[in-house]
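Observations on chain architecture
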Amino acid sequence: MSYLRLVRNFDTIIMEFKTIIEPFKIKSVESIHMSTEQERIAYLEKAHYNPFLLKSQEVIIDLLTDSGTSAMSNEQWAGIMRGDESYAGAKSWERLEFEINDLTGYPYILPTHQGRAAEHILYSYLGGAGKTFISNTHFDTTRANIEFNGATAIDIPTPAAKDRNSSDPFKGNLDTTKLDSLLAETGSDNIGAVILTVTNNSGGGQPVSMQNAIDVSAICKKHNVLFILDCCRIAENAYFIRHFEKGYESVTYREIAEQMFSLADGAIMSAKKDALVNMGGFLAVRNEALAEACTSLLIINEGFSTYGGLSGRDMEAIAIGLREVFDADYLNYRIKSTRYLGEHMREKGVPVIYPIGGHAVYVDAGLLYPHIPTDQYPGQALVCELYKIGGIRAVEIGSVMFGKYDEDQKLVPAPIELVRLAIPRRVYTQSHIDYVIEVFDEIIRNAKNTRGLRITKEPKFLRHFTAHFEPM
Ligand code: F0G
């Protein structure tokens, strides 16, 4: 099959030129409604100043998430037609099982409808009261699945992650000194698992080095605890290893990923990211007994073990996407175009988290709007400005998402007021990205006059999705 030949050993001539061209042609298009600022002011008011409540038709450039928003290739669409929808033992399952096994080396594979379903299965089995999970940074659904079952989730990112001035290329790393002492303190019986998230989404989308994975693996072996990779952006992470870690310059992206999988006991993947599909996920493990226990939960919660939460056509698309994502031209374009956006924003004086990560650019809205107090949500002010000025939808990941109230109903703010601009894979062109950069000129011009917001209505949990706001 042609897609099997996509992986190359060396980058091509495209790398020699300054202009990043998309390594694909467009075969099918989806039109964008080019709204006016007047229209957007009305849409935003109707959405109570919460971009989650906008209709997608009201958005020009949607950078809310890189999850499930990829454009599929012609090969993937062809695979969709080949989907075998048999309940048990479908050909499409054989193909997916082969691909995941070939990539990860793990013998037991459980297909799920998305990442959090795999998290639910594994962490409810391993977790419960008294158990502790340790990660570079737990993604919010990971933390929720762990805490929902009464276990504790501890984040121990590398100290470099907090250092704004550090240009450490691997700020996604886990603090291995802390890990060793925590495991010695807690004792292996009380540990659910150590989870290494690559790249570290909640930690600013920063990559994790191979050396860090090697060290985490050795420490987990020493203390006899389970080591799980959250591998949803492992291809993007491999790009950073090849280009920024010594010794990997001539190793292919796929081989780098294979090496990382070889260090862990299992992996969870939301296929909505680096498998380039709109829905899907899996859990893959080495241990037979663990796989059997999880398979029972899979059948109860998702579906029979040869489809889990997926239709045959989904499994075909994932199998093909998992190959395509390691294509050198694709990864080169992907990481460079994210970097292009971040570097240009930085040149304009936008305070971005640096170095730029793989799937998104993160803005420190607290620094952009120092006059807006945290209880007037500088991040929410920025997402509203981005929408109003440019029709761009981004997500606040500051005190709206992570803020809590104390006993006096006073806001305990998040440690940092971030806004994430996540870039869907293979969807937007360089001119879309140039447009976003241009919109930031206006954001900066308006910065001093931008006002904060107050919350007028909020649910008890996960308030950022549905809260209502009004401008101060
Ligand atoms: N792990 C990580 C690191 C993630 O980024 C996500 C999802 C998940 C697990 C859960 O996967 O959505 O398929 O259930 N991240 C999305 C985002 C939602 O916007 O970053 P899922």
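Each remark here, short or long, concerns the structure printed above.
Notes on the structure in this doc start here. What you see is a predicted model, and the numbers here were worked out from it, not measured in a lab. Every chain's residues receive numbers from 1 upward, in the order its sequence appears when written. Only residues with pLDDT of 70 or above have their local features reported here, since the model is predicted, and side-chain atom pairs are shown and tallied only from 80 upward, although totals for entire chains, interfaces and linings are computed over all residues. Computation of side-chain values covers all heavy atoms of the structure but excludes hydrogens and water.

**Focus on the overall build of the chain**
Here a strand is any run of E in DSSP of at least two residues, a helix any run of H or I of at least four, and the numbering for each starts at the N terminus. Regarding its fold elements, the chain presents 16 helices and 16 strands. Relative to the globule expectation of 23 Å for 472 residues, the C-alpha radius of gyration of the chain, 22 Å, shows essentially globular dimensions. When its C-alpha atoms are laid out on the principal axes, the chain stretches across 60 × 55 × 45 Å. For the chain, with 472 residues in total, the buried portion stands at 56%. Excluding contacts between residues fewer than 6 apart, the proportion of contacts in the chain whose partners are at least 24 apart in sequence is 72%. Here the open area of atoms and residues is found with the Shrake-Rupley method and a 1.4 Å probe, where only the protein chains shown may cover a residue. Accessible surface computed for the chain: about 20300 Å², of which carbon and sulfur atoms make up 52%. We treat Lys and Arg as the positive residues and Asp and Glu as the negative residues; His and chain ends play no part in the count. A charged residue contributes its charge at one atom only: NZ of Lys, CZ of Arg, CG of Asp or CD of Glu. Positive and negative charge centroids in the chain, built from 48 and 60 side chains respectively, lie 3 Å apart. Just to be clear, the radius of gyration here is over C-alpha atoms, and the globule rule we use is 2.2 Å times residues to the power 0.38. Using a 1.4 Å probe on the protein chains alone, a residue whose accessible area is under 20% of its type maximum counts as buried, one over 50% counts as exposed, and one in between counts as partly exposed. Throughout, a residue-residue contact means that at least one pair of heavy atoms, one from each residue, lies within 4.5 Å.

**What about the site of the ligand?**
By convention in these notes, a residue is near a molecule or strand provided one of its non-hydrogen atoms lies within 4 Å of it. Close to the ligand lie 17 residues; T65, R116, D230, S270 and K273 are nearest. Polar contact criterion, stated in full: a pair of N or O atoms within 3.5 Å, where within protein one must be able to donate a hydrogen and the other to accept it, and residues adjacent in sequence count only if both atoms are side-chain atoms. In the environment of the ligand, an oxygen atom lies 2.8 Å from a nitrogen or oxygen atom belonging to the side chain of Q114. The side chain of K273 places a nitrogen or oxygen atom 2.9 Å from a nitrogen atom of the ligand. When the free accessible area of the ligand is taken as 470 Å², the share hidden by the protein chains comes to 93%. A total of 3 residues in the shell around the ligand trace back to one element, the largest contributor, which is helix α4 (residues 115–126). Each residue gets one of three labels, nonpolar for Ala, Val, Leu, Ile, Met, Phe, Trp, Tyr, Cys and Pro, charged for Asp, Glu, Lys and Arg, and polar for the others, Gly among them. When grouped by side-chain class, the residues that make up the shell around the ligand number 2 nonpolar, 8 polar and 7 charged.

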